[in-house]
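Here's the letter readout for the chains.
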Amino acid sequence: MILRRITEHVKAQNWTAVALDFVIVVVGVFIGIQVSNWNDGRLEREVERDTLIRLHADIEESIAGQQRDIAFLEQQLADQRVILNSLDVCAVRPDDANSFQRGIATLGWVNPPRLYRRTIDEIAASGRTDIIRNTEISEDLASIVALAEWRNAAFESTMTMFDAYRRQVETNVRYDLDRVIENPFVPDHRGGVDYAIQTLCKDEKVGNAVSAASYLTRERLEAYRPILERYAAFLPLVVRELEERWRVEPLRKDGE
C-alpha cells in the first residue's frame, strides 16, 4: 500500500508527499526494529530470571545433601572410635553394640561432593555462559564448581583405598540380613554384624584397617565442610538478585 502511494506521488511529482512517505517508511522500520529488540531483550531477561530461580533450587538441594553427608560422616567417625576403643580392650560394651556393628557395616560409605548441576550443565550446553549478568554471581559460581570438581578428583582413589580396608575387616565378620541396625541415615538398615571380638582384636590388620578408614573418613569430612560453607555463602547472592532485580521471592526448601 505504501509503495503504491509513493508511486502515485512520484508520478504526480508531489515531492513533499514522497518525502513524507519515505519518513513514514523509515520510522516504521525503526520502530519495528526497536520492538523486535525489546522483545528479544525481554525474552533474554526472562531466561536469566528463570535460570537464577532454578539455580537457587539446585544450590538449596546441594546444601541439604551436603549437610546430610557431613552428618553421616560425623556418625561414622564416632562409630569408628567405638570400634577402635573396643579392639583396644578386646570387649564391646552392651551400649556400644549397635555403634560397633553400624561402624563396620558403613565403613567406607562416602558420597562424592554434592553439587546438583542441572542448571549449571544447561548453561554450559547452551553456550550462554554470560546469561547471568551479575558478575559476582557468575564468578562465585565458577569458583564453587571448581572447588567441587577438585574435591571430587580424589574421590575414586579414596574409594579404592576404602575397599581394601573394608575387605580386611569383612574377612572376619558375617552379615545377618534379618537383623536391623539402628541408623538414622539409612531407614530399615538390614545387615547386623556377627563377629567374635576376641578374634578381631587379635588381628592387628583389622585395627589398622579401621584406623586407616577413619583417617580417610576424616579427610572427606574436612574436604566437604568448606564446600558446604561456600554453598551457604553463595545462596544469599542469588536470593538478593532475584528479590532486588526481579522482585521474585524464591521458594525456600521448607516451602516458606
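Look above for the structure.
Residues numbered from 1 in each chain as written. Predicted model: local features only at pLDDT ≥ 70, side-chain atom pairs only at ≥ 80, totals over all residues. Heavy atoms only, no water.

Right, let's get into the state of the cysteines. Enumeration according to the criterion identifies one disulfide in this entry. There is a disulfide in this structure between cysteine 90 and cysteine 201, and the S-S distance comes to 1.9 Å. Because the sign of the S-S torsion sets the handedness, a value of about 100 degrees for the bond joining cysteine 90 and cysteine 201 places this disulfide among the right-handed ones. With cysteine 90 in the loop between helix H2 (15–89) and helix H3 (97–105) and cysteine 201 in helix H7 (residues 197–202), this residue pair connects regions lying 111 residues apart in the sequence. Given the relative accessible area of 24%, cysteine 90 is considered partly exposed. (Disulfide = S-S within 2.5 Å. Helix = DSSP H or I, 4+ residues; strand = E, 2+ residues; numbered from the N terminus. Buried < 20%, exposed > 50% of the residue type's maximum accessible area, 1.4 Å probe, protein only.)

The topology assignment puts asparagine 172 in the loop between helix H6 (155–170) and strand E1 (174–181). Using a relative accessible area of 23% as the deciding quantity, one classes asparagine 172 as partly exposed. The sequence separation of asparagine 172 and aspartate 203 amounts to 31 residues, and the corresponding C-alpha distance is 9.1 Å. Those residues within four positions of asparagine 172 in sequence are excluded, and the remaining contacts are Thr199, Leu200, Asp203 and Val206. Of note is the side chain of asparagine 172, whose polar atom sits 3.3 Å from the backbone oxygen of glutamine 168. Within the structure, the side chain of asparagine 172 is placed 3.1 Å from the side chain of threonine 171, a separation counted as a polar contact. (Contact = heavy atoms within 4.5 Å. Polar contact = N/O pair within 3.5 Å; in protein donor to acceptor, adjacent residues only side chain to side chain.)

Every α-helix winds through 3.6 residues per turn, so residues three or four apart in the chain are directed the same way. With 16 residues, H6 should cover 22 Å at 1.5 Å per step; its first-to-last C-alpha distance of 22 Å lies within 8% of that length. Residues of H6 that are buried include every one of Phe155, Thr158, Met159, Phe162, Arg166 and Val169, and no others. Each buried residue of H6 sits inside an arc of 95 degrees when the element is viewed along its axis, so together they form one side. Set apart from the buried face of H6 by more than 90 degrees, the exposed residues are Glu156, Thr160 and Arg167. As for H6, its buried residues are in contact with H3, helix H5 (135–153), E1 and helix H8 (204–245). (Expected span 1.5 Å × (residues − 1). Arc of directions from axis to C-beta.)

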